[in-house]
Amino acid sequence: MTRLSHALLGAALFLAALPPAAAQPPAAGAKIVVASKIDTEGALLGNLIIAVLRAHDLPVENKLQLGPTTIVRGAILAGQIDIYPEYTGNGAFFFHRENDPVWKDRVQGFAAVARLDHDRNHLIWLASAPANNTWAIAVRGDLSRRQALVTMADFARYVGAGGQVKLAASAEFVESPAALPAFEKTYAFRLSDAQLLTLSGGNTAATLRAAAEGTSGVNAAMAYGTDGALSALGLVALADDKGAQIVYAPAPVVREAVLQRYPQIARLLDPVFALLTIDTLQRLNARIAVDGEDAGRVATDYLKSKKLLP
């Protein structure tokens, strides 16, 4: 073993002996550092957290829209941030348990990630929202009403009966075993090539607009469950009633040492997230992503409307 290898091994052993950053207490007078991911919903959820904590005179530092999942997750593990909104389903990837069926159940998935993150990282998951920001199939509102399509089981019956369907989706959604093939296997239906409009590199903005505008006969689209464009474009995300997809329920994640210093954080945020249904998140996300409103203003207006600010 080289001297460099010895040095690296020694450093690794030293770091391993240290308590997790999440367990280290905040410095005296330190602010609660609130972060979020860089996307629209991250900004919304992060602003909800900041508004509530500030309204109750807790010291807060704003680091919202810090970056993608890897950056924000790394920051809380390193103790550089104190709290941020995360999704329960990401526990499958954080802990390399992608094939565990527990992640397809909202209650069980939350319990699993809460236990694993506390035991390994001294991170506490507060109450999750009753919403699911996972892959979904959305249909035009007129088709949903006319054919009573509310769930994926309804969609499968409609397809099986020869109903007219053309789905706009990305190549990843069509080909990934965890996406469209998982829906087809779980609900026992099959879309032919003629029933697909595959957009190379497509994202939900493109697929949803294609469905809303009926481009090339498209009346269904790849979507994410809480996408703000759904309500704005008059589309209906079909409920995954048999659990084909991992459940991604949003919840605040906080360092244990910070929660011990400010135990009121849980009491303040639990009722906020308890009211964030999928319809509510779609509507609030639309105000930001579609209407161009400021995320902080949307969060504050919503909290005032629900009497969640003093």
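Model, not experiment: these values are computed from the prediction. (Residues numbered from 1 in each chain as written. Predicted model: local features only at pLDDT ≥ 70, side-chain atom pairs only at ≥ 80, totals over all residues. Heavy atoms only, no water.)

## Quick word on the overall build of the protein chain
Reasoning step 1: A count of helical and extended segments in the protein chain gives 15 helices and 10 strands.
Reasoning step 2: Against the globule reference of 19 Å for 310 residues, the protein chain gives a C-alpha radius of gyration of 21 Å, in line with a compact fold.
Reasoning step 3: Its C-alpha atoms give the protein chain principal-axis dimensions of about 65 × 60 × 30 Å.
Reasoning step 4: Taking contacts inside the protein chain between residues at least 6 apart in sequence as the whole, the part at least 24 apart equals 75%.
Reasoning step 5: In the structure as shown, the protein chain presents an accessible area of about 14400 Å², 54% of it carried by carbon and sulfur atoms.
Reasoning step 6: Here the protein chain carries 29 positive and 28 negative side-chain charges, and the mean point of each set is 3 Å from the other. (Helix = DSSP H or I, 4+ residues; strand = E, 2+ residues; numbered from the N terminus. Rg over C-alpha atoms; globule rule 2.2 N^0.38 Å. Contact = heavy atoms within 4.5 Å. Areas by Shrake-Rupley, 256 points an atom, 1.4 Å probe, with all protein chains shown as cover. Lys, Arg positive; Asp, Glu negative; His and termini not counted. Charge placed at Lys NZ, Arg CZ, Asp CG, Glu CD.)

## So, the environment of tyrosine 262
Reasoning step 1: Examined against the element boundaries, tyrosine 262 turns out to sit in the loop between helix H12 (256-261) and helix H13 (264-274).
Reasoning step 2: Tyrosine 262 gets classed as buried once you look at its relative accessible area, which sits at 13%.
Reasoning step 3: In sequence terms tyrosine 262 and alanine 232 are 30 residues apart; their C-alpha atoms lie 39 Å from each other.
Reasoning step 4: Contact partners of tyrosine 262, with chain neighbours within four places excluded, come to Ala30, Ile32, Leu58 and Pro59. (Buried < 20%, exposed > 50% of the residue type's maximum accessible area, 1.4 Å probe, protein only.)

## Describing the sheet that holds strand E9 (residues 235-237)
Hydrogen bonding along the main chain pairs the strands of a sheet, whether they run parallel or antiparallel.
Reasoning step 1: Taken in spatial order, the 5 strands of this open sheet run E7-E6-E8-E5-E9, and their pairing is mixed. The open sheet is flanked by strand E7 (196-199) and E9, the only strands paired with a single partner. Averaged over all pairs of adjacent strands, the angle between strand axes in this sheet comes to 35 degrees, irrespective of strand direction.
Reasoning step 2: Alignment of strand E6 (residues 167-170) against E7, held across 4 bridges, turns out to be parallel. Across the sheet, alanine 168 pairs through a bridge with leucine 197, a residue of E7.
Reasoning step 3: Each of strand E5 (135-140), E6 and E7 is contacted by helix H9 (residues 180-187), which is oriented at about 80 degrees to E5, the strand it contacts most. (Pairing = 2+ DSSP bridges. Axes fitted to C-alpha atoms, helices over the stretch in contact; angles between N-to-C directions.)

## Thoughts on the side chain of aspartate 117
Reasoning step 1: Among the secondary structure elements, aspartate 117 is positioned in helix H5 (residues 106-121).
Reasoning step 2: For aspartate 117, the residues in contact, after removing those within four places along its chain, are Arg73, Phe95, His122, Leu123, Trp125 and Val253.

## Considerations on unusual backbone geometry
Reasoning step 1: With phi around 60 degrees, aspartate 57 is a residue other than glycine that occupies positive phi space.
Reasoning step 2: Position of aspartate 57 among the secondary structure elements: in the loop between helix H2 (40-55) and strand E2 (60-67).
Reasoning step 3: Using a relative accessible area of 71% as the deciding quantity, one classes aspartate 57 as exposed.
Reasoning step 4: Phi is positive for serine 216, which is not a glycine, with a value near 55 degrees.
Reasoning step 5: Within the secondary structure layout, serine 216 lies in the loop between helix H10 (204-213) and strand E8 (220-224).

## Quick notes on the pattern of salt bridges
Reasoning step 1: Counted by the stated rule, this structure contains 9 salt bridges.
Reasoning step 2: Note that aspartate 154 and arginine 157 form a salt bridge whose closest N and O atoms lie 2.4 Å from each other. Here arginine 157 and aspartate 154 lie together in helix H7 (residues 152-160), a separation of 3 residues that amounts to about one turn.
Reasoning step 3: For aspartate 154, a relative accessible area of 15% gives the class buried.
Reasoning step 4: When the shortest N-O distance is used, the salt bridge between arginine 287 and glutamate 293 registers 2.8 Å.
Reasoning step 5: One network of salt bridges, with partners in common, ties together Arg287, Glu293 and Asp301. (Salt bridge = Lys/Arg side-chain N within 4 Å of Asp/Glu carboxyl O.)

## Considerations on H10
Reasoning step 1: The complete set of buried residues in H10 reads Thr204, Thr207, Leu208, Ala210 and Ala211. Seen end-on, H10 carries its buried residues on one side only, within an arc spanning 155 degrees. When the buried face of H10 is taken as reference, the exposed residues oriented beyond 90 degrees from it are Ala205 and Glu213.
Reasoning step 2: Tucked into the core, H10 has its buried residues touching E5, E6, E7, E8, helix H11 (228-232) and E9.
Reasoning step 3: Two residues or fewer past H10, glycine 214 is found with a positive phi of approximately 70 degrees. (Arc of directions from axis to C-beta.)

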